[in-house]
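Below are the chains, spelled out letter by letter.
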Amino acid sequence: MSAYMTIFKNNPKASFYNTIYVDAFAGTGYRNPDKSDKESLPLFNDNDAISIQKGSAQIALESVPHFNEYIFIEQSQEYAAELEKLRLNYRQIYDNIKIVQKDANSYLQSWCKSNDWSFNRAVVFLDPYGMSVDWKTIEIIAQTRAIDLWLLFPLGQAVNRLLTKNNPPKGAWADRLNRFFGTDDWKEAFYRKNKQISLFEKIDQSLVKEADFDSIGKYFINRLKTIFIKVAEHPLALRNSKNVPIFLLCFAASNPKGAPTAVKIAQHILGK
């Protein structure tokens, strides 16, 4: 954020733009106790995941130079109220902070479509509860050609857990994966035919999970490449105390002119 805003403050051409920071699943804005996932899926009481996700709003507000606007989206009335309290601690930029108590997907999609992107530039941070981001939202962000996206991809915290060992998941689990990836091609990417011979000397043609953490991450990065101008090739794995990669911190840039520089900066950060 500091590198991003330094460019917009110091570059005469870039200083023309109104800069906006958006945290789409802002929580309380600071580290707080567990909030269970909103969907009836196994998503997931992982204290390490909770620790990673919390505090993003406060970090953003303390970053300098400041953005012209801050938008924090949180559907929970309780958490939105906490964000309003947090806002009071930043009197200097108080009027530039907006708390939105709405569904993040619907609000972001509407917000992206209604903004004049010839005048505005934005950084959007998505750290969803489980897999609550829809691909349609990511796609609309990319279509603005004006937004840089940071996204915590729930690799081990959600996606890998939904990928059942024998045959692809069905029902609500499959629907959630379809909405998250924007396609059902993940079935072909993550499963292969099981050609083991059964006890009855017949070929078992069921499907078995072939995907591992690495292939799942690469699949998602390739999905981002289909809609963004440029994507950081090497996301940062964020691991829990058991060394399991629960998130991948991913970056994608949608602006044709700024994308090369943005990805260069992002990849330097991700590579640390």
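Residues numbered from 1 in each chain as written. Predicted model: local features only at pLDDT ≥ 70, side-chain atom pairs only at ≥ 80, totals over all residues. Heavy atoms only, no water.

Peer 1: Please provide a residue-by-residue account of the overall build of the protein, values included.
Peer 2: Tallying secondary structure elements over the protein gives 11 helices and 10 strands in all. In the protein, which comprises 272 residues, the proportion classed as buried is 52%. Counting contacts in the protein only where the partners sit at least 6 residues apart, residues at least 24 apart contribute 73% of the total. (Helix = DSSP H or I, 4+ residues; strand = E, 2+ residues; numbered from the N terminus. Buried < 20%, exposed > 50% of the residue type's maximum accessible area, 1.4 Å probe, protein only. Contact = heavy atoms within 4.5 Å.)

Peer 1: Lay out the environment of C112 in plain terms, naming residues and giving numbers.
Peer 2: Inspection of the secondary structure assignment puts C112 in helix α5 (residues 104–114). Along the primary structure C112 and Q143 are separated by 31 residues, whereas in three dimensions their C-alpha atoms are 8.6 Å apart.

Peer 1: Describe the nonpolar core, with residues and values.
Peer 2: Counting residues in each nonpolar core, the largest one holds 54 residues, and the members touching the most others are W111, L126, I138, F153, F181, F220 and F228. Setting aside its immediate chain neighbours within four residues, F153 contacts V159, F180, F181, I216, G217, F220, I246, F247, L248 and C250. Grouped together as the second largest cluster of nonpolar side chains are 35 residues, Y4, A60, V123 and L270 included. (Core = buried A, V, L, I, M, F, W, Y, C linked by side-chain atoms within 4.5 Å.)

Peer 1: Explain the pattern of salt bridges to me, and be specific about the residues and the numbers.
Peer 2: Per the counting criterion, the structure on display carries 7 salt bridges. Ionic pairing is found between R87 and E84, a salt bridge with its closest N-O pair at 3.4 Å. Taken as a pair, R87 and E84 lie in helix α4 (residues 77–87) at a separation of 3 residues, close to a single helical turn. For R87, a relative accessible area of 15% gives the class buried. Beyond isolated ion pairs, a larger network of salt bridges with shared partners links D134, R176 and R179. (Salt bridge = Lys/Arg side-chain N within 4 Å of Asp/Glu carboxyl O.)

Peer 1: Go over α4 with me, naming the residues and quoting the values.
Peer 2: By the burial criterion, the buried members of α4 are Y79, A80, E82, L83, L86 and R87. Relative to the axis of α4, the buried residues are bounded by an arc of 155° and lie together on one face. Residues of α4 that are exposed and point over 90 degrees away from its buried face: Q77 and E78. Buried positions along α4 lie against α3 (56–62), β2 (69–73) and β3 (97–100). Capping the start of α4 is the job of one residue whose side-chain oxygen sits 3.3 Å from the backbone nitrogen of E78: S76. (Arc of directions from axis to C-beta. Polar contact = N/O pair within 3.5 Å; in protein donor to acceptor, adjacent residues only side chain to side chain.)

Peer 1: Which residues make up the confidence of the model for the protein, and what are the values?
Peer 2: In the predicted model, the protein carries a mean pLDDT of 88, and the fraction of residues at 70 or more is 87%. Low confidence marks residues 32–44, where pLDDT is under 50. Its contacts with residues over four positions away, or in another chain, come to 34 contacts. (pLDDT = per-residue confidence, 0-100.)

Peer 1: Lay out unusual backbone geometry in plain terms, naming residues and giving numbers.
Peer 2: With omega at 0°, the peptide bond leading from V64 into P65 counts as cis. Here P65 shows up in the loop between α3 and β2. Backbone geometry places N167, a non-glycine residue, at a positive phi of 70°. Along the chain, N167 turns up in the loop between α7 (155–162) and α8 (171–181). We classify N167 as partly exposed; its relative accessible area is 32%. Within the chain, N243 stands out as a residue other than glycine whose phi angle is a positive 70°.

Peer 1: Pulling in residues and values, what's your account of the packing of aromatic side chains?
Peer 2: To describe a pair of aromatic rings, one takes the distance between the centres and the angle between the planes. All chains considered together, the criterion is met by 22 aromatic pairs. Between F153 and F220 the ring centres are 4.3 Å apart and the planes differ by 10°, which places this aromatic pair in the stacked class. Residue F153 is located in strand β5 (residues 147–153), and its partner F220 is located in helix α10 (residues 213–225); the two are separated by 67 residues in the primary sequence. For the residue pair F153 and F220, the accessibility class agrees, reading buried in each case. Taking the centre distance of 5.1 Å and the plane angle of 85° together, the rings of F181 and Y219 count as edge-to-face. (Phe/Tyr/Trp six-rings, centres within 6.5 Å; stacked < 30°, edge-to-face > 60°.)

Peer 1: Mind laying out α10, listing which residues take part and the relevant values?
Peer 2: Helix length check: α10 (13 residues) gives 19 Å between terminal C-alpha atoms against 18 Å at 1.5 Å per residue, within 8%. Listing the buried residues of α10 in full gives I216, G217, Y219, F220, I221, R223 and L224. (Expected span 1.5 Å × (residues − 1).)

Peer 1: An account of the pairing of strand β1 (residues 18–23) is needed here, citing residue identities and associated values.
Peer 2: Here is the key point about a regular strand: its side chains alternate between the two faces of the sheet. With 6 of its 6 residues buried, β1 lies for the most part within the structure. Both faces of β1 are covered, namely the face carrying N18, I20 and V22 and the face carrying T19, Y21 and D23. For β1 and strand β4 (residues 120–126), the ladder comprises 6 bridges, and the chain directions are parallel. Each residue of the ladder has a partner; that of T19, found in β4, is R121. (Pairing = 2+ DSSP bridges.)

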